[in-house]
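One letter stands for each residue in the lines below.
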Amino acid sequence: MLTRLRHLLRDTSGLAALEFALIAGPLALMMLAIFDITFRFQAADEFERYLYQFGDLLSRDDDLSEDDLDTIYEAADQMMQQVNVEEGALDIAIASIGFQQNGDPVKLWQRWRGGLPGEVDVEAARGLAAPGESVIQVSATLRYTSAITVLSGGDDLSEQGVLYFKPRTTRAIAFEGKIHDAGISWDGYTAGGS
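Parameters and conventions
Residues numbered from 1 in each chain as written. Predicted model: local features only at pLDDT ≥ 70, side-chain atom pairs only at ≥ 80, totals over all residues. Heavy atoms only, no water. Core = buried A, V, L, I, M, F, W, Y, C linked by side-chain atoms within 4.5 Å. Buried < 20%, exposed > 50% of the residue type's maximum accessible area, 1.4 Å probe, protein only. Helix = DSSP H or I, 4+ residues; strand = E, 2+ residues; numbered from the N terminus. Contact = heavy atoms within 4.5 Å. 1 Å grid on protein atoms, 1.4 Å probe; cavity = no way out; pocket = protein on both sides within 12 Å on 5 of 7 lines; lining within 4 Å. Points joined across faces, edges and corners; volume = space filled by probe spheres on them. Pairing = 2+ DSSP bridges. Salt bridge = Lys/Arg side-chain N within 4 Å of Asp/Glu carboxyl O.

> How would you explain the nonpolar core if you had to name every residue and give the values?
Side chains of a nonpolar character, in soluble globular proteins, are inclined to be buried together. Ranked by internal contacts, the top residues of the largest apolar core, which has 34 residues, are Tyr50, Phe54, Leu90 and Ile94. For this core, the secondary structure elements donating two or more residues are α2 (15–59), α3 (66–74), α4 (76–79), β2 (90–99), β3 (105–113), β4 (134–144), β5 (157–165) and β6 (174–175). In terms of residue count, the dominant contributor to this core is α2 (six residues). When neighbours within four sequence positions are excluded, Tyr50 is seen to be in contact with Ile72, Tyr73, Ala76, Met79, Met80, Leu90 and Ile92.

> Lay out the layout of surface pockets in plain terms, naming residues and giving numbers.
Taken as a whole, the largest pocket spans an internal volume of roughly 240 Å³. Forming the boundary of the largest pocket are 20 residues, of which Ala93, Gly118, Ser139, Ala140 and Thr141 lie nearest the centre.

> An account of the pairing of β4 is needed here, citing residue identities and associated values.
Burial analysis of β4 places ten of its eleven residues in the buried class, which makes it a mostly covered element. The pairing of β2 with β4 spans nine bridges and is classified as antiparallel. By the bridge assignment for β4, Leu90 is matched with Leu142. Where β4 and β5 come together, nine bridges link them in antiparallel fashion. The residue bridging Ser139 from the neighbouring strand is Val162, located in β5.

> Any chance you could break down the pattern of salt bridges for me, citing the residues and the numbers?
In the structure shown here, the tally under the stated rule is 13 salt bridges. One salt bridge in this structure joins Glu66 and Arg113, with 2.3 Å as the shortest N-O distance. You can see Glu66 sitting in helix α3 and its partner Arg113 sitting in strand β3, a full 47 residues away along the chain. Using a relative accessible area of 28% as the deciding quantity, one classes Glu66 as partly exposed. Residue Arg126 pairs with Asp104 through a salt bridge whose shortest N-O separation is 3.1 Å. On the criterion of sequence distance, the pair formed by Arg126 in the loop between β3 and β4 and Asp104 in the loop between β2 and β3 is long-range, its members being 22 residues apart. Residue classification places Arg126 among the partly exposed positions, given a relative accessible area of 39%.

Put into structure tokens, the structure is as follows:
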């Protein structure tokens, strides 16, 4: 009986298969996690680049339109090629913030695509431009899934960002020919003013 037990302890056939079975699962999970983390960094980078390009394009114009906003919104899947931008997964909002003569910021206009617009925190823009000038606030939210969220049944991931841009060719960018929406009072600048 004792010799039989010694023989079983020395028998290594199948040991490599057992060891592989023990490490294969954690190794596969580790590889999946590495791919997932890489994808998340890449998605964040693509999203940030999209925000910068979006804001840069807007800040170059004197007068924006609904078509301009539609074009930039619809181009998101081309501008963020490494991320699958599904319908309804991207919310963007742009707002023009002007500065009164005393330096107080005021929201001149706001437009958006996707979900409901977020509140414009005009105080966050305080000091970004001189009285009589304006900035464009570009904010966006992107929702996406990764391999781990799909396999685990978890919630979608999201990226959010808010950037500010000064108009390049004018003191205030108009939207559909108007510097500000109805009911807004801005003492710093009028259309055609210098």
